Amino acid sequence: MSIYSPFSKSQLLPQEEKLEVARHKSELFIGIPKETSYQERRICLTPDAVSSLVSHGHRVMIEAGSGESSSYSDKEYSDAGAEITQDTKKVLGCPMILKVEPPTLAEIEIMNPQTIVISAIQLKTQKKEYFEALASKRITALAFEFIKDEDGSYPAVKSLSEIAGTASVLIASELMIGENIGKGLLFGNITGVPPTKVVIIGAGTVAEYAARTALGLGASVKVFDNSITKLRRLQNTLNQRIFTSTIQDKSLLKALRRCDVAIGAMKGKNRAPIVVTETMVEHMKKGAVIVDVSIDTGGCFETSEVTTHEKPTFIKNGVIHYCVPNIPSRYSKTASMSISNIISPFLLHIAEDGGIESAIRCNRGLKNGIYSYHGLLTNKAIADWFNLEHRDINLIVF
């Protein structure tokens, strides 16, 4: 009588044990050059983060004066274990470079081939030559904005949006008291005085933190967005019922005519949609304040024009406009701490996994951040934007 078995004869024989190949930890050598971009005052790592990396056996080289605009002295970095140098070329010669702004073409020229660059990418300000320069040096580049968390969110974008949202209300409260242009109003709710009226356009992270701050000061808040799901989520996270509405010209105009502050926080696919026309702005109160947070992607007020941190406002139709891109840079220390908290755990992951190659195999969120792999463009959105060829990173790294 034959016995049927799901296994073959060879499978029933004793098999050799297959053990996992041990991962070799790698030692990182990180260079942080001084930010040269206009208005950029942040730095990627705080002294505490440097101290943590150095205690794990990594080397950090920082260009002298890099942390000054974020209120971190060279001595603090030196005490944390970083090497301080005046030589920019020496810093850019490190195998791994950390920057807030993307490197310039001149900086890429100084870098060694096969360098790893971790920075923001700021797609709207980039040119085709930048990606060609990365390709010629076979550089592997990661963008903060593209790195995903376990829950599928983008932690760097989220935390900087939190800063921008909170800041937009604080900036508006300063502008409302301006002697020459402001109305001398206190932002908030004083007994017997009508509360400040705030209109927020958009219902994302920026809007959530702007609404949270405005409500905390006692203002009356109205939020407009075309996504009911986002508006519902906003009410649930704020844990209270506020005025929410889809964007309809009539109700939006009515709210804008009565408001003291209007905050633009709408995101679009390529450009922020223009929601508020110049005619609507003309109907606003004289001395009202517009803070257009979405000016980074074009702005959602038709009257918005890019301004600088040095000269942040202009008046149009009697309304004060604040349209500075990169609002978090104004709060450079807070923003630096926020970026540092996101990047340093990823750096330790990379080292634990034995370098960037194996780290992106193990961590899908980190893999999502790569847009140039040894000079090969791996991000489809960038390739489409600049009409370049791209490769799917999942076919190169697996």
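As shown above, the structure is provided for reference.
Worth saying up front: this structure is predicted, and the values here are computed from it rather than measured.

(A) Representation of the overall build of the chain. Across its full length, the chain holds 16 helices and 15 strands. Scored against the burial criterion, the 398 residues of the chain give a buried share of 49%. When the accessible surface of the chain is summed, it comes to about 20,100 Å², and 53% of that surface belongs to carbon and sulfur atoms. Placing the 45 positive and 43 negative side-chain charges of the chain at their respective mean positions leaves the two points 7 Å apart.

(B) Spatial organisation of a nonpolar patch on the surface. Taken together, the side chains of Leu186, Ile190 and Val193 present a nonpolar region at the surface, about 280 Å² in accessible area. Following the sequence through the fold, Leu186 ends up in the loop between α7 (155-175) and β7 (197-201).

(C) The arrangement of the sheet that holds strand β15 (residues 376-377) in detail. Spatial ordering of the open sheet is given by β3-β2-β1-β4-β5-β6-β14-β15, a layout of 8 strands whose pairing is mixed. Looking along the sheet, the strands with just one partner apiece sit at the ends: β3 (83-85) and β15. Two elements, strand β1 (residues 29-32) and strand β2 (residues 59-63), share 4 bridges in a ladder whose sense is parallel. The partner of Gly31 across the bridge, within β2, is Met61. Across the sheet, helix α12 (residues 332-352) touches β1, β4 (96-98) and β5 (116-119), and the angle it forms with β4 is around 170°.

(D) Representation of the packing of aromatic side chains. Summed over the entire model, instances satisfying the criterion amount to 5 aromatic pairs. On the basis of an interplanar angle of 75° and a centroid distance of 6.1 Å, the ring pair of Tyr72 and Tyr77 is categorised as edge-to-face. Just as Tyr72 is buried, Tyr77 falls in that class too. Counting every residue linked through ring pairs, the aromatic cluster contains Tyr130, Phe131, Tyr371 and Phe386. The side chain of Arg59 reaches across the aromatic face of Phe29, ending 3.9 Å from its centre. When the ring centre of Tyr209 is taken as reference, the NZ or CZ atom of Arg212 above it lies at 5.4 Å.

(E) Up close: the sheet that holds strand β12 (residues 313-316). Taken in spatial order, the 7 strands line up as β9-β8-β7-β10-β11-β13-β12 in an open sheet, and their pairing is mixed. Whereas interior strands pair on both sides, the edge strands pair on one side only; in this sheet they are β9 (243-245) and β12. Averaged over neighbouring strand pairs, the angle between their axes works out to 20° when direction is ignored. In terms of strand pairing, strand β8 (residues 220-224) meets β9 through 3 bridges, oriented parallel. By the bridge assignment, Val223 is partnered in β9 with Thr244. The sheet strands contacting α7 are β10 (261-264), β11 (289-292), β12 and β13 (319-322), and the helix crosses β11 at an angle near 150°.

(F) Local environment of a positive patch on the surface. A contiguous patch of positive charge on the surface is contributed by Lys197, Lys250, Lys254 and Arg258. When residues of the positive patch are assigned to their parent elements, the largest contribution, 3 residues, is made by helix α10 (residues 249-258). Structurally, Lys254 can be placed in helix α10.

Quick notes on the rules
- Every chain is numbered independently, its residues counted from 1 as its sequence is written.
- Residues qualify for local features only when their pLDDT is at least 70, as the model is predicted, and side-chain atom pairs are given and counted only at 80 or more; totals for whole chains, interfaces and linings, by contrast, use all residues.
- Side-chain measures were taken over the full set of non-hydrogen atoms in the model, leaving aside hydrogen atoms and water.
- Numbering of helices and strands starts at the N terminus; helices are DSSP runs of H or I of at least 4 residues and strands are runs of E of at least 2.
- Summary of the burial criterion: residues with accessible area below 20% of their type's maximum are buried, those above 50% are exposed, and those between are partly exposed, where the area comes from a 1.4 Å probe applied to protein chains only.
- Note that accessible areas follow from Shrake-Rupley with a 1.4 Å probe, and for residues the cover is restricted to the protein chains shown.
- When charges are tallied, Lys and Arg are placed among the positive residues and Asp and Glu among the negative ones, while His and the ends of the chain are skipped.
- Charge positions are represented by NZ for Lys, CZ for Arg, CG for Asp and CD for Glu.
- Surface patches are drawn from residues lacking salt bridges whose relative accessible area is over 30%; two like charges belong together within 9 Å, two nonpolar side chains (Val, Leu, Ile, Met, Phe, Trp, Tyr) within 5 Å.
- By definition, a salt bridge exists where a carboxyl oxygen of Asp or Glu is found within 4 Å of a side-chain nitrogen of Lys or Arg.
- Strand pairing requires that DSSP identify at least two bridges connecting the strands.
- Contacts are residue-level and defined by heavy atoms, with any inter-residue pair within 4.5 Å sufficient.
- Working convention: axes come from line fits to C-alpha atoms, limited for helices to the stretch in contact. Angles between N-to-C directions cover 0 to 180 degrees.
- The aromatic pairing rule takes the rings of Phe, Tyr and Trp, using the six-membered ring of Trp, and pairs them if the centres are within 6.5 Å, calling planes under 30 degrees apart stacked, those over 60 edge-to-face and the rest tilted.
- Here, a charge over a ring means that NZ of Lys or CZ of Arg falls within 6 Å of the ring centre while also lying within 35 degrees of the ring normal.

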